[in-house]
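Residue-level structural notes
Chain by chain, the residues run as shown.
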Amino acid sequence: MTDHLRVDDSAAAPASPSPLARPSRLPQPSDIIDGPLADTPLPLYLPADLREIERASAAQLPPHTLMARAGAVVANWLYGQLPALATAGRQPVLLLAGPGNNGGDAYVAARELHRRGVLVDVWQLAPPGADDAKWAHAEAVAAGVPIRSAPDVWPQPSTYAWIVDGLFGIGLSRPLDGPAGRLVENIAYAHAQGTPVLAIDIPSGLGAASGVASGPVIRANVTIAMLGACPGLLTGEGRDIAGRVLVATLGADDALSAAASTSSLSTNSPNAFLADLPQRHHASHKGSYGSLAVLGGHDGMIGAPLLSARAALMNGAGRVYVGFVAHEAPAWDPVHPELMLRHAEGIDLAAMQAVTIGPGLGTSAASAACLSRVLALEDTPLVLDADALNLLAAEPALAERVRSRTGPTVLTPHPLEAARLAGCDVQRIQSDRLTSARTLARYFGATVVLKGSGSIIDNGTHAWVNTTGNAGLATAGTGDVLTGMIGAMLAQGMPAATAALAGVWLHGRAAERCVSEGAGPAGLTASELLPAMRAELAAALRRAPS
């Protein structure tokens with residue numbers, strides 16, 4: 001683990017614990033990784049990988065050890081969050097137990113809280129089926145924990161201090177229905193009325209690999225992922241559903257290290273790109289930091305390439321040219337007169353260190369001709385966005401020219417553009433964002449940024465899930481800003497993958513900075529990102545190795 005990870009000590013024992021309480025720190029490794037995830041490189045695991053890690057770790061330990069640790073982690077963390085009424089045994093905690101190991105974790109947590117003098121109710125969706133879960137259930141019963149079947153009628157929403165979701169874990173592969181669906185809908189009602197929810201491993205109903213909820217789902221304030229985190233917690237709907245994500249490694253360090261050494265999936269963080277950030281030197285000039293051409297701007301859409309170009313200028317590119325497809329285009333930019341504005345055909349593309357094309361490009365014959373001219377650059381790094389991607393989807397010959405390029409290429413589709421490129425619908429893309437990004441990356445031989453909540457960056461061999469950003473980015477023009485940022489990184493000599501990683505991460509951090517300063521998320525404009533983005537770039541450069 002890196003120095004950026006910290007141990008959550010909020011579960012330390014109170015000054016006057018209940019006489020029934022056990023020591024807060026059990027004699028097992030049960031530390032919690034508590035980010036911030038955006039600054040911390042975190043391996044991510046698909047459900048099958050986590051099951052193998054669990055199997056390998058459990059083989060080296062006495063029976064039931066991992067479940068005992070998991071339940072203790074839940075109890076330790078939750079005890080530190082309970083209001084005074086609950087720790088005094090006057091307001092209960094509700095724990096929901098399914099038939100699998102998530103239910104077993106809930107039984108252990110209920111037993112530990114009960115021993116500390118906390119009132120607990122355990123609602124059982126079905127009897128335990130797994131061996132570990134049967135053991136945990138027997139231990140809870142022996143300790144006097146009240147366990148009953150989940151009722152059909154929900155009590156008053158303020159009845160419980162917290163709700164713990166131990167219904168279904170990472171193996172769930174179907175929408176919840178029947179009694180499980182009704183119970184989850186009741187939990188959703190209580191949560192909407194203000195009762196906080198802690199999910200074990202993953203909120204029930206959320207796809208662990210996809211971040212998709214295809215039916216009823218529990219929305220959590222906090223999710224504690226056991227052993228490692230699945231990508232579904234951080235992409236698609238997962239970021240809204242999972243809440244704050246913590247990771248409990250349960251002392252399985254050897255198994256986790258072995259799995260991480262071969263993993264091709266992780267979060268995006270500065271560690272992935274800081275070494276490639278272009279440093280500034282006294283003995284340099286504007287040519288030292290590359291020339292970038294930004295092409296697009298059909299009639300009525302000239303603002304899009306201007307946004308991209310302004311972002312590129314403020315992201316460190318030495319010279320930025322803007323080439324418009326529109327015949328009636330501005331001769332200069334009054335906001336940034338440093339930009340050099342031309343008709344697209346008037347820019348010497350061969351003299352550029354990188355070219356971006358697509359913002360406001362349109363799909364006319366002139367637009368296609370502009371893209372064809374760009375694709376004649378065999379070796380120049382390119383960023384293809386917006387209508388450039390729509391043209392690739394509509395004209396297979398252009399797509400084939402991208403595939404045959406020798407130079408670095410970055411594609412930055414949003415889900416609809418990705419669907420057009422893949423020849424499917426948006427639902428198919430969003431149902432498996434990781435596979436969608438990987439398929440496009442390998443087909444085009446490019447680095448792909450599949451935009452959206454938890455953007456996926458994939459270079460064909462490794463995928464990163466980005467955890468910066470907020471809802472302020474859901475407004476026109478922010479994608480154009482990102483295109484310019486990545487183009488500027490390429491013009492300054494960064495490799496395609498790290499240019500994309502840096503651009504996406506800084507783009508999200510700029511939105512976070514804006515919101516923290518009171519601009520947005522509602523009403524945040526793309527232009528407001530630019531000074532915040534420059535500030536985040538400066539902060540990153542201070543952290544980068546010389």
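Residues numbered from 1 in each chain as written. Predicted model: local features only at pLDDT ≥ 70, side-chain atom pairs only at ≥ 80, totals over all residues. Heavy atoms only, no water.

**A closer look at the overall build of the protein chain**
We apply this condition: Secondary structure elements follow DSSP: runs of H or I no shorter than four residues count as helices, runs of E no shorter than two count as strands, and numbering proceeds from the N terminus. Throughout, the radius of gyration refers to the C-alpha atoms, and the reference size of a globule is 2.2 Å times the residue count to the power 0.38. The buried label goes to any residue with under 20% of its type's maximum accessible area, the exposed label to any with over 50%, and the partly exposed label to all in between, with areas taken from a 1.4 Å probe on protein chains only. Residue-level accessible areas treat just the shown protein chains as cover; the underlying method is Shrake-Rupley with a 1.4 Å probe. By the counting scheme adopted, Arg and Lys are positive, Glu and Asp are negative, and His together with the chain ends is not counted. For charged residues, the charge sits on one atom: NZ in Lys, CZ in Arg, CG in Asp, CD in Glu.
Helices and strands together make up the secondary structure of the protein chain, namely 18 helices and 18 strands. Computed over its C-alpha atoms, the radius of gyration of the protein chain comes to 26 Å, within 12% of the 24 Å expected for a compact globule of 546 residues. Along the longest, intermediate and shortest principal axes, the C-alpha atoms of the protein chain span 80 × 50 × 45 Å. Out of the 546 residues belonging to the protein chain, those deemed buried represent 56%. If you sum the accessible surface of the protein chain, you get close to 21300 Å²; carbon and sulfur atoms cover 53% of it. Put simply, the protein chain has 37 plus and 46 minus side-chain charges, and the middle of one group is 3 Å from the middle of the other.

**Quick look at the confidence of the model for the protein chain**
Low-confidence regions, as indicated by low pLDDT, have predicted coordinates that should not be scrutinised in detail. Counted only if it meets this: What pLDDT expresses is the predictor's confidence in each residue, scored from 0 to 100. A contact between two residues is defined here by any heavy atoms of the two lying within 4.5 Å.
For the protein chain, the average pLDDT comes to 92, and 94% of its residues sit at 70 or higher. Counting interchain partners and residues more than four positions distant, the pLDDT-below-50 stretch residues 1-30 has 57 contacts.

**Section: the pattern of salt bridges**
Opposite charge on two side chains permits them to pair, given that their charged atoms come into close proximity. Operational definition: Put simply, a salt bridge is a Lys or Arg side-chain nitrogen that is within 4 Å of an Asp or Glu carboxyl oxygen.
Applying the stated criterion across every chain yields a total of twelve salt bridges. Notably, a salt bridge pairs glutamate 536 with arginine 509, separated by 4.0 Å at the nearest N-O pair. Linking glutamate 536 in helix 18 (residues 529-543) with arginine 509 in helix 17 (residues 496-516), this pair joins segments that are 27 residues apart in sequence. Taking relative accessible area as the criterion, glutamate 536 reaches 8% and is therefore assigned buried. Taken together, the shared-partner salt bridges in this structure form one network comprising Asp39, Arg509, Glu512, Arg513 and Glu536.

**Examining the UniProt feature "domain: YjeF N-terminal" (unreviewed entry) in the protein chain**
Quick reminder of the rule: UniProt positions are given in the numbering used here, feature names are shortened, and annotations may be inferred rather than shown by experiment.
Under the UniProt annotation, "domain: YjeF N-terminal" (unreviewed entry) lies at residues 50-258. Along residues 50-258 the backbone is 39% helical and 15% strand, and the end-to-end C-alpha distance reaches 12 Å.

**Topic: the side chain of aspartate 201**
Here is the rule: Polar contact is defined as a pair of N or O atoms within 3.5 Å, subject to the rule that within protein one atom must be able to donate a hydrogen and the other to accept it, and that residues adjacent in sequence are counted only when both atoms are side-chain atoms.
As for its position among the elements, aspartate 201 is in the loop between strand 6 (197-200) and strand 7 (222-226). For aspartate 201, which is buried and forms no salt bridge, the nearest opposite charge comes from arginine 51, at a distance of 9.4 Å. Engagement of the side chain of aspartate 201 in a polar contact is seen with the backbone nitrogen of methionine 226, the distance being 2.8 Å. Leaving out residues up to four positions away in the same chain, aspartate 201 has contacts with Asn102, Ile170, Thr223, Ile224, Ala225, Met226 and Leu233.

**Considering the packing of helix 2 (residues 65-79) against helix 4 (residues 101-115)**
Note the cut-off: Axes here refer to lines fitted to C-alpha atoms; in helices the fit is confined to the stretch in contact. Angles between the N-to-C directions go from 0 to 180 degrees. An angle below 35 degrees is read as roughly parallel, one above 145 as roughly antiparallel, one from 65 to 115 as roughly perpendicular, and any other as oblique. Should the near helix be turned anticlockwise from the far one by less than a right angle, the crossing is left-handed, and should it be turned clockwise, the crossing is right-handed. Ten residues, namely Ala, Val, Leu, Ile, Met, Phe, Trp, Tyr, Cys and Pro, are considered nonpolar, four, namely Asp, Glu, Lys and Arg, are considered charged, and the remaining ones, Gly among them, are considered polar.
At a minimum axis separation of 7 Å, helix 2 and helix 4 run at an interaxial angle of 55°. Looking at the two axes, helix 2 sits oblique to helix 4. Judged by the twist between their axes, the crossing of helix 2 over helix 4 is right-handed. Packed against helix 2, whose contacting residues are Met67, Ala68, Ala70, Gly71, Ala72, Val74, Ala75, Leu78 and Tyr79, the element helix 4 presents Asn101, Gly104, Asp105, Val108, Ala109, Glu112 and Leu113 at the interface. Taken together, the residues of the contact of helix 2 with helix 4 break down into eleven nonpolar, three polar and two charged.

**Focus: the domain arrangement of the protein chain**
Quick reminder of the rule: Start and end points for every domain follow an automatic or database-based domain assignment. Computed with a 1.4 Å rolling probe, the buried area is the accessible surface lost when two parts are put together, summed over both parts.
The domain architecture assigned to the protein chain consists of domain 1 (32-263) and domain 2 (286-543). For domain 1 versus domain 2, the distance between C-alpha centres works out to 39 Å. With 14 residues of domain 1 at the interface, the matching set in domain 2 holds 16 residues. In terms of surface lost to domain 2, no three residues of domain 1 exceed Ala38, Thr235 and Arg239, which account for 42% of the buried area on that side. Applying the counting criterion to the domain 1 and domain 2 interface returns one salt bridge. For aspartate 39, the salt bridge goes to arginine 509, with nearest N and O atoms at 3.0 Å.

**Regarding the packing of helix 16 (residues 478-491) against helix 18**
Any two packed helices are characterised by the angle at which their axes cross and by the distance between the axes. Following both chains from N to C, one finds helix 16 and helix 18 inclined at 35°, their axes separated by 11 Å at the closest point. In terms of crossing hand, the pair formed by helix 16 and helix 18 is right-handed. Residues Thr478, Val481, Met485 and Met489 of helix 16 lie in contact with helix 18, whose contacting residues are Leu529, Leu530, Met533 and Leu537.

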